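Inside the fold
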Amino acid sequence: MEVISLTLPMSVVLGLLLFTVVLFVSEVVRIDFAAILVMVLLGLLSQLPGLHALADVTRLFDGLASNAVVSIIAVMIIGAGLDKTGMMNSVAALILRRGGKTEARVVPIISGTVGFISSFMQNVGAAALFLPVVSRISVRTEIPLGRLLMPMGFCAILGGTMTMVGSSPLILLNDLLINTNLTLPEAQHVSTFGLFSVTPIGLALVATGMLYFMLLGRWILPGEQKNGDAASGRSVKEYLKSIYGLKTDIFEISIPADHPCVGQTFDDLMKRYHVYIIASAYQGSTWFAPVIQTKITAPCRLALLGREENIRHMVEEQGFELHDDLDVFAEMCAPTKSGIAEMVIPPGSAVIGKCAHDLVFRKTYGASLLAIHRGEETMSLVATEDHAPTQVGEVPFLAGDTLVIHSTWEALTRLTRDRNFVVVTSEFPREELRPTKVGWALFFFAVALALILLTDLRLSLCLLTGAAGMILTGVIDIDEAYKAVSWSTVFLLASLIPLGQAVQSTGTAAWIAQEILQLLDGWPIWSLQAGVAVLATVFTLIMSNVGATVLLVPLAISIALAAGGDPAIFALTVAISTSNSFLIPTHQVNALIMGPAGYKVTDFIKSGGIMTLLFLVVSLLMLNILF
């Protein structure tokens, strides 16, 4: 084998790698800008004498159109389309019903589901699809998003090792083995792998990841939500208490069949016990902000907003059942779907002099009037420390009154267009779900998946077909599609691609491999295999996992043949180990979750360091047990 000498371009690339790591760890500048800065430096340095091999400046920005980056853009749009139909809300509700609201139960369900999906779909796609689901679960359970996204992301990466189509290196491996066999004597030909040859290894790795976070999560994951991109809703309880002094919360009760209260109206219960009925359910149908003149039918369920002591008194006196948590109403009362809003009655409004009962407020506006704030006084059916309960529905409105309402965000969006009110609540999700488009969304998602699994088309084209189909059929419009893309993630990945190419094109990668392999010369076969695994792990942190696989598989086969080992196991060790990418956010999945959760590079180093070691131990152990 020809000896590779260290050259000036290699030294510059090594310096840039060190500079990149320092920028990432220190976070002197934002990580996406750090990647852009490194790409610009690479382009400028390539213009200096003797450094032209660093980069072709005419192709410096090709990363923005790379297969990986376009795939990420497309899958974000597909995920937003599915979310727009309300599907992701349903998935989140299903997970909450199965896992409850505790981190110890929610994390393994999310992680296991994403791990399974990424075994047949690109891991970044699985992670992007579940990002809105996890965001909703975080809001409903009040578990910080940072404690949910990293387990999901890591298990998405681990899930890619469960089948030979789960990750790009494993997809590529058989082709590399076939090409290598062309240069080897027939007696040394390396056998290719079947679709499920790696499944036991992948299952062991996913199980390890889940156990890792279940057992050590409380110490290794961020304790609080940081300044991420994902908005977390403020609970009704917190808002009403801090702004208006109303000590309330939302509770769910059941009224049994043939109860004496059947035939009474909702208004009767509300006035008697000073609570608000904000939602009702009967025979499988639910109503938000039901009309207060509605007569009670049983068996039914009600969502009540009020003081806990008032509701417990009502339950005890009437013989109702109080549920520990929201069940039927968990979805519609989630902060992602509804919440507290305020609007002011302007001079000249048509509602001045009228009360909520006159306007049939709930039926007309789809919202529950909770309080009227007038001057320094807050009038509400729920007593405050300073004021007795007020039949707020019978108080005539005056100009300048602030109405405190409980509303769906969809209804509030409509109210912003009503000239009789000035909605002062500005930060709420201004989106209208399109459940009628769920058929089209599922159809084009299935089309994209079928193209990925059944054809040889590029991944980006397959996913863009699904995304374009959703835009064409109105599942999501083009402006919403642009907003769905995390452009910081796009530029982070696109800007790192030229550096990875420079590592390979200048021979820096080959030189690093040579130096490490020289250190391993003469070691036992098991230690050589471990050395190859560590080498693949390091390479996948500084260049693409595909590039690391292409470079290292032939080297690993040569090492195995020279040492008397099994070349197939050594080659598979490389393809598996290039998924061991947890230390820094250079992997596509890590880059994807970094912004929404507000992670720092140090968070990945802290959590990913132990995961990297566990990956090495478990993967090497399983490889040797199986093969």
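Residues numbered from 1 in each chain as written. Predicted model: local features only at pLDDT ≥ 70, side-chain atom pairs only at ≥ 80, totals over all residues. Heavy atoms only, no water.

The next subject is the overall build of the protein chain. Counting its regular elements, the protein chain contains 25 helices and ten strands. Expressed along its principal axes, the backbone C-alpha trace of the protein chain runs to roughly 90 × 55 × 45 Å. Residue burial in the protein chain is summarised as follows: out of 627 residues, 55% are buried. Long-range contacts, defined as pairs at least 24 residues apart, comprise 77% of the intrachain contacts of the protein chain with a sequence gap of at least 6. Positive and negative side-chain charges in the protein chain, numbering 37 and 48 respectively, have mean positions lying 6 Å apart. (Helix = DSSP H or I, 4+ residues; strand = E, 2+ residues; numbered from the N terminus. Buried < 20%, exposed > 50% of the residue type's maximum accessible area, 1.4 Å probe, protein only. Contact = heavy atoms within 4.5 Å. Lys, Arg positive; Asp, Glu negative; His and termini not counted. Charge placed at Lys NZ, Arg CZ, Asp CG, Glu CD.)

With that out of the way, let us pick up the packing of aromatic side chains. For the coordinates displayed, the defined rule picks out ten aromatic pairs. Taking the centre distance of 5.0 Å and the plane angle of 55° together, the rings of Phe361 and Tyr365 count as tilted. One end of the pair is Phe361 and the other is Tyr365, both in helix H14 (residues 361-365) and four residues apart, which spans about a single turn. With 5.0 Å between their ring centres and 80° between their planes, Phe443 and Phe444 make a pair best called edge-to-face. (Phe/Tyr/Trp six-rings, centres within 6.5 Å; stacked < 30°, edge-to-face > 60°.)

The next thing to look at is the packing of helix H7 (residues 146-159) against helix H24 (residues 588-597). The N-to-C vectors of H7 and H24 enclose an angle of 170°; their axes lie 10 Å apart at closest approach. Judged by the angle between their axes, H7 and H24 are roughly antiparallel. Here H7 contributes Gly146, Leu149, Met150, Met152, Gly153, Phe154 and Ile157 to the contact with H24, which in turn contributes Val589, Asn590, Ile593, Pro596 and Ala597. Residue composition of the contact of H7 with H24, grouped by class: nine nonpolar, three polar and no charged. (Axes fitted to C-alpha atoms, helices over the stretch in contact; angles between N-to-C directions. Parallel < 35°, antiparallel > 145°, perpendicular 65-115°, else oblique. Nonpolar A, V, L, I, M, F, W, Y, C, P; charged D, E, K, R; others polar.)

Attention shifts here to the pairing of strand E3 (residues 285-288). Strand direction decides the pairing type here: strand E2 (residues 276-282) and E3, joined by four bridges, are antiparallel. Considered in E3, the bridge of Tyr282 is made with Ser285. Hairpin geometry of E2 and E3 is characterised by an intervening segment of two residues between the two adjacent antiparallel strands and by a positive phi of about 50° at Gln283. (Pairing = 2+ DSSP bridges.)

Here the focus is the confidence of the model for the protein chain. On average, residues of the protein chain score 84 in pLDDT, and 93% of them reach the 70 mark or higher. Here residues 226-234 scores under 50 on pLDDT; set against residues more than four positions off or in separate chains, the count is 19 contacts. (pLDDT = per-residue confidence, 0-100.)

What follows deals with the sheet that holds strand E5 (residues 321-322). Ordered in space as E3-E2-E4-E1-E5, the five strands form an open sheet in which the pairing is antiparallel. Pairing within the sheet leaves two strands with one partner each, and these edge strands are E3 and E5. Relative to strand E4 (residues 300-306), E2 is paired through five bridges, and the arrangement is antiparallel. Bridge pairing links Ala281 to Arg301 in E4. The strands that helix H11 (residues 266-273) touches are E2 and E4; relative to E2, the one it contacts most, it runs at about 140°. With respect to the sheet, helix H12 (residues 308-318) is in contact with strand E1 (249-255), E4 and E5, its orientation differing from that of E1 by roughly 5°.

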